[in-house]
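Understanding the architecture of this molecule
Chain by chain, the residues:
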Amino acid sequence: MSRITNAFANRKAFIPFITGGDPDIETTEKLVPAMVEAGADLIEIGIPFSDPVAEGIVIQEADERALKGGCTTDKLFDMVLRIRQKTDVPLLFMTYLNPIFTYGKEKFLSRCAECGIDGIIVPDMPFEEKDELANVCELHEIDLISMIAPTSKERITLIAKEARGFIYCVSSLGVTGVRSEIKTDIGKMVQKVREVTGVPCATGFGISTPEQAGSMARLADGVIVGSAIVKLVAEFGKDSVEPVSEYVRSIKKGIEDALK
Amino acid sequence: MKKGRFGHYGGQYMPETLMMAVQELEEAYGFYKNDPDFINELDGLLKNYAGRPSLLYYAEKVTRELGGAKVYLKREDLNHTGSHKINNVLGQVLLAKRMGKTRVIAETGAGQHGVATATAAALMDMECEIFMGKEDTERQALNVFRMELLGAKVHTVTSGTMTLKDAVNGTMREWTARMDDTLYVLGSVMGPHPFPAIVRDFQKVIGKEIKEQLMVAEGKLPDVVVACVGGGSNAMGAFYEFIQDPSVKLIGCEAAGLGVDNPKNAATIANGTVGVFHGMKSYFCQDEYGQIAPVYSISAGLDYPGIGPEHANLSDTDRAQYVPITDAEAVDAFEYLSRTEGIIPAVESAHAVAFAKKLAPTMAKDQIIVVNLSGRGDKDVAAIARYKGVSIHE
């Protein structure tokens with residue numbers, strides 16, 4: 001069983017996201033094990049990109065801070081290698097296609113495998129273009145995570161059939177960022193996935209409170225929280241380990257309470 | 001070959017949320033481009049509203065002074081709203097209307113595409129919102145007011161480099177949030193499929209007219225067609241009709257800013273490498289880690305770190321050549337054409353004029369260069385004055 005599959009077995013997975021290198025590599029390197037300690041089941045690390053078109057202002061600014069702080073793809077690989085010595089938690093890279101393409105697809109995925117990355121999420125590479133990376137991901141046994149959105153409709157079947165690891169279920173229209181409510185019928189999206197595959201569904205975009213996380217956990221197999229955590233990192237910078245840990249614990253509790 | 005490709009380039013690299021929207025557009029365009037009613041209505045608008053066909057003007061004084069090839073100017077600057085952008089927006093806004101959309105959104109650099117979109121939206125009763133980088137709203141303050149006058153809402157984009165690429169990011173983000181009643185009217189031959197093909201089809205009227213008009217005036221094909229290239233819509237429009245005529249040289253002029261060896265430039269073919277950004281695979285100015293470079297040009301319309309995928313393919317296959325033109329050369333050409341022919345070109349178009357100035361003297365007197373004068377320069381007068389250190393009250 002892969003580390004990702006294992007993380008979804010017998011539990012609803014909580015997946016926090018942070019932008020790698022925000023505000024610096026040292027902080028990210030401390031945040032990852034701290035979040036595991038606080039209850040994270042998988043962790044998504046963003047490789048900062050100059051022009052993240054699927055992100056709202058919070059993650060855009062985090063990417064800018066990280067790049068300004070000198071973060072590079074190579075520095076993040078080195079960091080993941082060090083983190084891997086300490087934890088077995090599944091680690092995912094989230095980044096845009098251009099940083100991967102320009103680094104060299106083969107080189108990027110082989111370094112992912114070396115460093116112990118389990119999966120990658122590429123928000124600007126839809127199903128129609130996934131040949132770009134699918135084979136090389138398979139070669140290195142890295143799960144290429146598929147996304148489905150409220151607008152996917154019939155596409156859900158198409159996408160779910162070839163999904164690996166888990167399916168990233170985008171909860172709302174628009175870019176990433178905190179939302180007061182989620183209007184999409186997540187249950188229906190998940191049901192559509194279930195018709196063709198047993199690959200688990202984790203939902204993200206807009207989730208920030210323990211209550212929201214709890215209600216999403218009832219509908220899906222996992223919950224992804226990004227902007228709310230990145231906001232804490234923006235506020236506390238190098239001192240964000242404690243507030244982030246506390247926040248992660250509260251979300252994890254929200255998920256567990258909802259399932260009692 | 002996969003759909004929406006020009007050789008290796010192009011494609012549909014978009015967030016899943018927008019895939020439905022681009023596929024809906026693809027399907028609608030596939031139908032309406034062959035629909036006689038749509039074609040007739042668009043032809044009518046181009047003729048009676050935009051003022052097509054635009055003139056093909058023989059620049060006799062320029063020709064005489066340069067002492068070589070005959071120089072013709074394709075006067076897209078005389079179109080309604082002052083540039084070639086109107087050709088595309090009339091097509092796309094009409095298409096949006098047929099698709100049942102009630103709102104259009106668009107990016108703009110210099111403001112030409114924003115003004116054109118706001119104009120077409122006013123004419124066709126559509127809501128209109130324009131995204132423009134903060135730096136460009138300052139360089140082109142008059143165009144901001146012009147768009148507002150036409151009933152559009154202008155959003156100032158303050159992320160990234162606050163120029164054209166950030167305006168595209170802003171418009172894409174807005175489209176992701178609202179697509180049921182909204183069409184993104186993209187201004188250049190870029191972005192995900194089907195935009196590069198749609199914009200090229202709506203702009204190819206330029207080359208078609210050049211061919212017909214020159215046949216009447218000279219009874220032959222041009223030897224060279226020159227156009228400026230940012231994303232590349234006026235160039236693609238001018239080139240397309242001639243791609244199958246191997247005797248016609250096609251030359252795109254990129255903005256080299258302070259020079260191709262200076263970091264402050266926007267010469268994508270000269271300095272870029274292959275990447276995937278803004279929905280397409282093409283050439284981009286970027287660093288070794290794929291971070292998009294902060295590019296620069298005096299011209300807000302050419303200040304873009306990428307180039308349309310069809311141009312990338314024309315360059316790889318050597319069917320077209322792309323040359324860098326600096327700010328200084330463009331400003332010199334701006335003044336030269338104003339003084340010599342009484343025609344003030346857009347600073348974007350002045351890049352093409354600058355190359356023609358270098359090329360014409362090297363050619364024979366019976367040869368012909370057509371320069372696509374993509375826009376008029378009224379919008380640039382204040383910026384050129386600033387560049388020259390002249391203080392004027394706008």
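Each remark here, short or long, concerns the structure printed above.
Before going into details, it helps to say that this report is about the structure given with it. The model shown is predicted, which means the values in this text are computed figures rather than measured ones. (Residues numbered from 1 in each chain as written. Chains lettered and ligands numbered in written order. Predicted model: local features only at pLDDT ≥ 70, side-chain atom pairs only at ≥ 80, totals over all residues. Heavy atoms only, no water.)

Of regular secondary structure, chain A possesses twelve helices and eight strands. Compactness check: chain A gives a C-alpha radius of gyration of 17 Å against a globular reference of 18 Å for 260 residues, within 12% of the reference. In chain A, which comprises 260 residues, the share counted as buried stands at 65%. Taking all contacts inside chain A whose residues are at least 6 apart in sequence as the whole, residues at least 24 apart take part in 73%. Accessible surface, chain A: about 10,000 Å² in total, of which carbon and sulfur atoms supply 50%. (Helix = DSSP H or I, 4+ residues; strand = E, 2+ residues; numbered from the N terminus. Rg over C-alpha atoms; globule rule 2.2 N^0.38 Å. Buried < 20%, exposed > 50% of the residue type's maximum accessible area, 1.4 Å probe, protein only. Contact = heavy atoms within 4.5 Å. Areas by Shrake-Rupley, 256 points an atom, 1.4 Å probe, with all protein chains shown as cover.)

Turning next to the layout of surface pockets. Of the volumes computed, that of the largest pocket is approximately 490 Å³. For the largest pocket, the lining is made up of 17 residues, of which Ile39, Leu42, Asp43, Leu46 and Asp201 of chain B are closest to its centre. At the level of elements, helix H2 (36-48), helix H9 (195-203) and helix H10 (205-218) of chain B are the ones that each hand at least two residues to the lining of the largest pocket. In terms of residue count, H2 of chain B provides more of the lining of the largest pocket than any other element does, six residues in total. Of the residues contributing to the lining of the largest pocket, the split by class is eight nonpolar, no polar and nine charged. By volume, the second largest pocket amounts to about 250 Å³. Together, Ser50, Glu64, Leu67 and Lys68 of chain A together with Gly160, Thr161, Lys165, Asp287, Gln291, Ile292, Ala293 and Pro294 of chain B line the second largest pocket. (1 Å grid on protein atoms, 1.4 Å probe; cavity = no way out; pocket = protein on both sides within 12 Å on 5 of 7 lines; lining within 4 Å. Points joined across faces, edges and corners; volume = space filled by probe spheres on them. Nonpolar A, V, L, I, M, F, W, Y, C, P; charged D, E, K, R; others polar.)

Residues and elements named next belong to chain B. Here strand S6 (residues 127-133) lies mainly inside the structure; six of its seven residues are buried. The pairing of strand S5 (residues 103-108) with S6 spans six bridges and is parallel. Bridge pairing links threonine 108 to methionine 132 in S6. The parallel pair S5 and S6, bridged by helix H5 (residues 112-123), forms a crossover whose chirality is right-handed. (Pairing = 2+ DSSP bridges. Right-handed = clockwise from strand over helix to strand, strands pointing away.)

Further remarks concern the nonpolar core. The biggest cluster of nonpolar side chains holds 72 residues, and the ones touching the most others in it are Phe93, Phe108, Ile120 and Leu133 of chain A. Not counting the four nearest positions on each side in its chain, phenylalanine 108 of chain A is found in contact with Ile47, Thr73, Phe77, Phe93, Ile100, Tyr103 and Ile120 of chain A. In terms of nonpolar packing, the next biggest core, distinct from the first, is built from 63 residues, Phe38, Ala116, Cys128 and Met172 of chain B among them. (Core = buried A, V, L, I, M, F, W, Y, C linked by side-chain atoms within 4.5 Å.)

Residues and elements named next belong to chain B. Ordered by their spatial adjacency, four strands build an open sheet running S7-S6-S5-S8, and the pairing between neighbours is parallel. Two strands bound the open sheet, and with one partner strand each, they are strand S7 (153-157) and strand S8 (182-184). Between one strand and the next, the sheet's axes are offset by a mean angle of 20°, whatever the strand orientation. One ladder, built from three bridges, connects S5 with S8; its direction is parallel. Each bridged residue has a counterpart across the sheet, and for arginine 103 the counterpart in S8 is threonine 182. (Axes fitted to C-alpha atoms, helices over the stretch in contact; angles between N-to-C directions.)

So, about the environment of valine 224 of chain B. Residue and element names in this part refer to chain B. Here valine 224 shows up in strand S9 (residues 224-229). Given the relative accessible area of 4%, valine 224 is considered buried. Along the primary structure valine 224 and glutamate 127 are separated by 97 residues, whereas in three dimensions their C-alpha atoms are 41 Å apart. When near neighbours in sequence (up to four residues on either side) are disregarded, valine 224 contacts Lys249, Ile251, Leu359, Met363, Ile368, Ile369 and Val370.

Attention now moves to the pattern of salt bridges. All names here are of chain A. As enumerated under the stated definition, the model contains 47 salt bridges over all chains in all. Between aspartate 118 and arginine 3 there is a salt bridge, with the nearest N and O atoms lying 2.8 Å from each other. Within this pair, whereas aspartate 118 is found in the loop between helix H6 (105-115) and strand S4 (119-121), its partner arginine 3 is found in helix H1 (residues 3-8), the two being separated by 115 residues in sequence. On the accessibility criterion, aspartate 118 (10% relative accessible area) is buried. (Salt bridge = Lys/Arg side-chain N within 4 Å of Asp/Glu carboxyl O.)

Under the definition given, this model contains eight cavities of 30 Å³ or more. Each pocket or cavity is described by its volume, and for the largest cavity that value is around 280 Å³. Taken together, 26 residues line the largest cavity, and the ones lying closest to its centre are Lys85, Leu164, Ser188, Gly231 and Gly301 of chain B. Put simply, the parts of the chain that give the lining of the largest cavity at least two residues each are S5, H5, helix H8 (164-177), S9 and helix H11 (233-239) of chain B. Looking at the lining of the largest cavity residue by residue, the class counts come to eight nonpolar, 15 polar and three charged. In this model, the second largest cavity occupies a volume close to 200 Å³. Considering the residues around the second largest cavity, the lining is formed by 19 residues, among which Glu55, Ile59, Tyr168, Thr176 and Phe205 of chain A are closest to the centre. Each residue belonging to the lining of the second largest cavity can be placed in one class, and the counts come to twelve nonpolar, five polar and two charged.

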